[in-house]
Each structure stands twice: as C-alpha cells, then as structure tokens.
Amino acid sequence: MAILNSLFTWFMKKRIHQIELFMKYPHDVQEEWFQSLISTAEATEWGKQHDYKSIFSVEDFKNRVPIQTYDSIKGHVDRMIKGEQNILWPSDIKWFAKSSGTTADRSKFIPVSREALDECHYQGGKDMLSIYCHNRPENKVFNGKSVVIGGSSQFNNFSSDSYSGDLSSILIRNLPFWAEFKRTPTLEVTLNPNFEDKIDQIARITIEEDVTSLAGVPTWNIVMAQRILEITGKSNLLEVWPNLEFYGHGGVSFKPYREEFKRLIPSTDMYYLENYNASEGYFGIQDQSDSEDLLLMLDYGIYYEFLPMENIGDADPKTYNLGEVELGKNYALIISTNAGLWRYMIGDTIKFTSLSPYRFQISGRTTAYINTFGEELIVDNADQAIQAASVATGATVKDYTAGPVYFDSGKAGAHEWVIEFVQQPSSFREFCEVLDAKLREINSDYDAKRHKDMALTFPIVHNAPVNTFYQWMKSRGKLGGQNKVPRLANDRTYLEPILMELRLNDQLGRTATL
C-alpha cells in the first residue's frame, strides 16, 4: 500500500508544473482556449448561425453572440436531449446534468460533452488531489478508500441514447479506472435513487473499510456521518476511520458547517479543501492551506468573462476579460465551454481577492439575494453573519434560509430567517443580535436601511426543530446529489411552505424579534 500511495502521489504532483504555468501566463492560456473553442465549433449549427469562421477576436465574439441564459438555449438543449447532434458542440452529447439551481424549482438540463468530462470535471478532480499532495507531501490518502455520495441518473423520456442525472452521478458513472479503484461503495449503491436507503447502505458498507478521504456536499456528508455514528455507537468519525485525513468539499459555503465537522472529525490534522465544480464546469480549487480563496482554473476548456453586478440589468451589458477585472468587486460569471455553452451566465457571482495569480471567492448568486428594500444582501453576507453569530454564542448551524417581510400598513419591512441548529446557541437572543450587527457591519446598504428602523426592522429569526430542512427537501424530492437548501430569496417562495409546515405541527420554535 505504501508503494501504491507513493506512486499515486508522484503522479498527482506532476501536474503542479502545468498549474504553475497557467498561473504565470493566465492571459495567454485563456486566449489559446478561446481560439480553440471557436475553431472547434465553427461547423456546428450554432457556429454557422453566428458565423464563427469570421470571428478573429474576443471583441468580435462579444459583438456577435449575446449573453445567454438557460431560457435562451433551452430550445437547443431540448433538441439535443431528443438525439440531435452538432447543434452547440460538434462531438456527440449523450449526458445532461440535471440542475435545479438555488432559486427555481424547474429543472435545467446542462449538456455534458466527453471533452467537458475529461478536460474539465475529471481534470479538476485530479488537480484537487494534486494540490493536496503538493501541500501535504507526507499524506497517505491513497492507502485507503474515498467515500463519495453521488446523486442518481436515469434514462430521460425522449431518447434511449441520452441520459440525465445529477452531475455527481454522471461523473461517477464515467469515472476513469484509477478513480474507481479507490472509491467505495459499489456503483449500484452510490447511485441508488432512494436517498435514505442509499445513506443507510453507504454507512453500513463503509464502516468496514479503511476510509482516508471524503468528497461531496457538506450537507449530505453530515447526514451520512450521523447515520454512521448511530449504527456504530461511536462519538466521532475518527473512531470509525482512524486514518481519515482529507475532505474535498463544494456545492455550498463551508462556513456554516465548519464547527460541526470539527465535532465529527476532532483532529487538527484533518485537511479541508474546497472546490467549485458546477454542472456547467469546474472553475476553482482552494490551492493554499492557509487561505480559503479559490484559484481560478484556466486550462479546463473554459473561456471566462465577468459582468459587474451593477450592470446585470442593462440591455447590452459590457463584460470584462480576465485582464480587466478589479479586486473586491462582485461579478456575474459568464462562460464559454467545451460542452457548447456560449457566453452563458451560470447565475453565480464571484469577487477576486488576488490578480496574480487569479484567486477569488464565491460571493453569491445573481438571483439568490434579498434586495426588496435596496439592501443588496447576498449569500456571502449571510454566511459571514451566520458564522459570526455562531462563534459568539458557541452555536453550530446546520441549515438556514431567509427572505423578506414586505411593508404593511405603514410598517417597515424586515428579513425573516429560519435557522436549524446542530448545537443551540448559549443565548438565542444574542445570536440574533450578532447576526444583525454583522450584516450591518459588512453591508452598508443593509445598515442604511436598518438606520432607525426606517426601512428594515430587526430581523425575525425562527429557531427551527431538528430535521426541518431535511424533511422540507424530502417533500420537494430534493434529497442528495446537487440539491442544496436555497439560502436567500427575494420573495417568500421558500419561507412560506416551511413556516406553514412548522405551524401545522406547532413546532415554530423560539422566535426573536423586537
């Protein structure tokens, strides 16, 4: 095993030199990928429609191709699902990643080409391990197995030769042999569409394995960990897997989960590494052990543009190339990819923390925010406030969602929160006060609206019972895979059904307001 671990580690670390090259020459690498994408797709239906043969510069591209959303390409995707090819991308596309996003119940089906699998998603997974091996050369992660909680995939209703499912399930079904060799449990168990049965099976199988690493969305890994501890009677995961050393996570901010993972894995040697892998592509990896910033991955077959958030509603908004971005500014991410997404707005926002090399933080969603009163509250603000309130009161938050309370009969508005705790705060009232104070500290627009309660009063915060969000997600058919609890909404779409269910069961819990 030691020899095998050394071999895998050596193989992974070879990639570091290439990563260092795109860090040193980011604009050259992006220009090369831009030219490659345009020339590869010029004979597609989309390429002919926009005359890709006559595109010689990025400016030509921007003038020729409008910014796209899922609604604008849905007709093309529907035809591809039914079996038509060479529409957005020349190679055959048979896989479609089912994504609900965080602000809409309607499913989206994102095309996933073979190139996107090999050059983007799998390369990202390998690079995450390469960075880990580089940062921790004494690792023994390949001595044991990795547990990955996947979603489900199935034949869609249009063609026997095209498939849809969560991105995680698509990746697992197409894993290269070297990755499948180190994974547990079996493919059949991992892709079980019944999430609760799957969690129970994974728990019972993996407690017999030497697990050294975990991967996946924190929410569902906590559910798995809790089931493992129930079955074994152990107090933490290290009593089950003593050699556990690495967790690669993504999908949601890790801030609300950090304390719970410290409880589940009580070791200062445990290494946490965040990745930014969406249905549309693999975009970033946390490459520094002493910083949570993500390195923008520039050689995965993706060309990036950045749209300032203040211009997102413009009729023909100007986007910026990598060399034009500024530190600390919120940008909507626009991508063109080797799966045929062209100038596609994925709905996430980022802000750069470094320009040499290009590192960033995920700041929120273009549609997951509260701006009912001009407060422009984004998910990054909410995560920071939740973390500050948790630290101040010794609490551990499992999940939360928030939305607006509208003006009524001359009364000011407010924000209403539903928060579920793993560890209750020492003072619920203090938790709410710190939450509000932190939001006022980090968001000047929120603070201005809170001034003398003129537009916003002190937030209404509900202390929800255990498993509130689990049961709500289950009722929506959103357990597991890429599904996430929506953090913020600019309406009460998510709040009302949760509050109604809690009222019906007389479980609304403690509520703090002034």
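Fair warning: this is a prediction, and the values are worked out from it, not measured in the lab. (Residues numbered from 1 in each chain as written. Predicted model: local features only at pLDDT ≥ 70, side-chain atom pairs only at ≥ 80, totals over all residues. Heavy atoms only, no water.)

This brings us to the overall build of the chain. Each helix and strand in the chain was counted, giving 18 helices and 21 strands. For the chain, the C-alpha radius of gyration of 23 Å lies close to 24 Å, the compact-globule estimate for 514 residues. For the chain, the spread of C-alpha atoms along the principal axes amounts to about 65 × 60 × 45 Å. Counting the 514 residues in the chain, one finds 56% classified as buried. Restricting to contacts in the chain with at least 6 residues of sequence separation, those with at least 24 account for 68%. (Helix = DSSP H or I, 4+ residues; strand = E, 2+ residues; numbered from the N terminus. Rg over C-alpha atoms; globule rule 2.2 N^0.38 Å. Buried < 20%, exposed > 50% of the residue type's maximum accessible area, 1.4 Å probe, protein only. Contact = heavy atoms within 4.5 Å.)

For the chain, per-residue confidence averages 89 on the pLDDT scale, and residues scoring 70 or more make up 93% of the total. Below a pLDDT of 50 lies the segment residues 101-105, which in the model reaches 12 contacts outside its immediate sequence neighbourhood of four places, other chains included. (pLDDT = per-residue confidence, 0-100.)

The volume enclosed by the second largest pocket comes to roughly 570 Å³. In terms of lining residues, the second largest pocket is bounded by 21 residues, among which Met309, Asn330, Glu376, Ile378 and Asp445 are the most central. Those elements giving two or more residues to the lining of the second largest pocket turn out to be strand 14 (344-355), helix 14 (379-393) and helix 16 (444-450). Considering each element in turn, the lining of the second largest pocket owes the most residues, three residues, to helix 14. Class assignment for the residues of the lining of the second largest pocket results in five nonpolar, nine polar and seven charged. (1 Å grid on protein atoms, 1.4 Å probe; cavity = no way out; pocket = protein on both sides within 12 Å on 5 of 7 lines; lining within 4 Å. Points joined across faces, edges and corners; volume = space filled by probe spheres on them. Nonpolar A, V, L, I, M, F, W, Y, C, P; charged D, E, K, R; others polar.)

What follows is about the pattern of salt bridges. A pair can form between side chains of opposite charge whenever their charged atoms are brought close. The final tally for this structure, using the stated rule, is 27 salt bridges. Taken together, the salt bridges that share partners define one network made up of Asp200, Arg204, Arg227 and Glu230. (Salt bridge = Lys/Arg side-chain N within 4 Å of Asp/Glu carboxyl O.)

So, about the sheet that holds strand 12 (residues 302-308). What the 11 strands build is an open sheet, ordered 6-3-7-8-9-10-11-15-14-13-12; its pairing is mixed. Both outer strands of the open sheet, strand 6 (183-184) and strand 12, are each paired with one neighbouring strand and no more. (Pairing = 2+ DSSP bridges.)

As a further point, take the side chain of Lys449. Among the structural elements, Lys449 can be located in helix 16. Comment: no salt bridge for buried Lys449; closest opposite-charge side chain is Asp445, at 4.6 Å. Setting aside residues up to four positions removed in sequence, Lys449 forms contacts with Phe373, Gly374, Glu375, Met454, Ala455 and Leu456. (Lys, Arg positive; Asp, Glu negative; His and termini not counted.)

Quick look at a nonpolar patch on the surface now. Nonpolar side chains collect at one region of the surface, where Leu7, Trp10 and Phe11 lie side by side and expose about 360 Å² of accessible area between them. Secondary-structure assignment places Trp10 in helix 1 (residues 2-13). Trp10 gets classed as exposed once you look at its relative accessible area, which sits at 52%. (Patch = residues over 30% accessible without salt bridge, like charges linked within 9 Å, V, L, I, M, F, W, Y side chains within 5 Å. Areas by Shrake-Rupley, 256 points an atom, 1.4 Å probe, with all protein chains shown as cover.)

Structurally, the position occupied by Glu274 is in strand 9 (residues 271-278). When sequence neighbours within four positions are dropped, the list of residues in contact with Glu274 reads His249, Val252, Ile285, Gln286, Glu292, Leu294 and Ile362.

Contact pair helix 14 / helix 15 (residues 428-442): the axes reach a minimum separation of 8 Å and the direction vectors enclose 140°. By the criterion of interaxial angle, the relationship of helix 14 to helix 15 is oblique. In the packing of helix 14 onto helix 15, the handedness of the crossing is right-handed. Of helix 15, the residues touching helix 14 (which contributes Asn381, Ala382, Gln384, Ala385, Ile386, Ala388, Ala389, Ser390, Ala392 and Thr393) are Glu430, Phe431, Val434, Leu435, Lys438, Leu439 and Ile442. Per-class residue counts for the contact of helix 14 with helix 15 are 11 nonpolar, four polar and two charged. (Axes fitted to C-alpha atoms, helices over the stretch in contact; angles between N-to-C directions. Parallel < 35°, antiparallel > 145°, perpendicular 65-115°, else oblique. Left-handed = near helix turned anticlockwise from the far one by under 90°.)

What follows deals with empty space enclosed by the protein. Empty space among the atoms can be located by rolling a probe the size of a water molecule over them. Taken as a whole and assessed by the stated rule, the structure comprises three cavities of 30 Å³ or more. In this structure, the second largest cavity occupies an estimated 50 Å³ of space. Partitioned by chemical class, the residues of the lining of the second largest cavity number six nonpolar, one polar and two charged.

Another aspect to go through is the environment of Asn277. Note that Asn277 resides in strand 9. Its relative accessible area of 18% is what places Asn277 among the buried residues. Along the backbone, Asn277 and Asp92 are 185 residues apart, and their C-alpha atoms lie at a distance of 22 Å. Here the side chain of Asn277 touches His121 through a polar contact of 2.9 Å, side chain to side chain. (Polar contact = N/O pair within 3.5 Å; in protein donor to acceptor, adjacent residues only side chain to side chain.)

Residue Pro185 is bonded to the preceding Thr184 through a cis peptide linkage, with omega at 0°. Summarising the element assignment, Pro185 is placed in the loop between strand 6 and helix 10 (187-190). With omega at 0°, the peptide bond leading from Ser356 into Pro357 counts as cis. Its identity is not glycine, yet Asp51 carries a phi of approximately 50°, on the positive side. Assignment of secondary structure puts Asp51 in the loop between helix 4 (45-49) and helix 5 (58-64). A relative accessible area of 38% means that Asp51 is categorised as partly exposed. Look at Lys452: it is not a glycine, yet its phi comes out positive at around 55°. Looking at the secondary structure, you find Lys452 in the loop between helix 16 and strand 20 (460-464).

Let us look at the environment of Arg227. Checked against the element boundaries, Arg227 lands in helix 12 (residues 218-232). Take Arg227: its relative accessible area is 23%, and that puts it in the partly exposed class. Sequence separation between Arg227 and Ser289 is 62 residues, and the spatial gap between their C-alpha atoms is 30 Å. Each residue touching Arg227, except ones within four places of it in the same chain, is listed here: Ile199, Asp200, Ala203 and Arg204.

Now for helix 7 (residues 114-135). With 22 residues, helix 7 should cover 32 Å at 1.5 Å per step; its first-to-last C-alpha distance of 30 Å lies within 8% of that length. In the structure, helix 7 departs most strongly from a straight axis at Gln123, where the bend amounts to approximately 35°. (Expected span 1.5 Å × (residues − 1). Bend = angle between axes of the 7 residues up to and from the residue.)

What follows deals with the pairing of strand 7 (residues 211-216). Looking along a regular strand, one sees side chains alternate from face to face of the sheet. In terms of residue burial, strand 7 counts as a mostly covered element, since five of its six residues are buried. Note that strand 7 and strand 8 (residues 246-249) share four bridges and pair parallel. Each bridged residue has a counterpart across the sheet, and for Gly216 the counterpart in strand 8 is His249.

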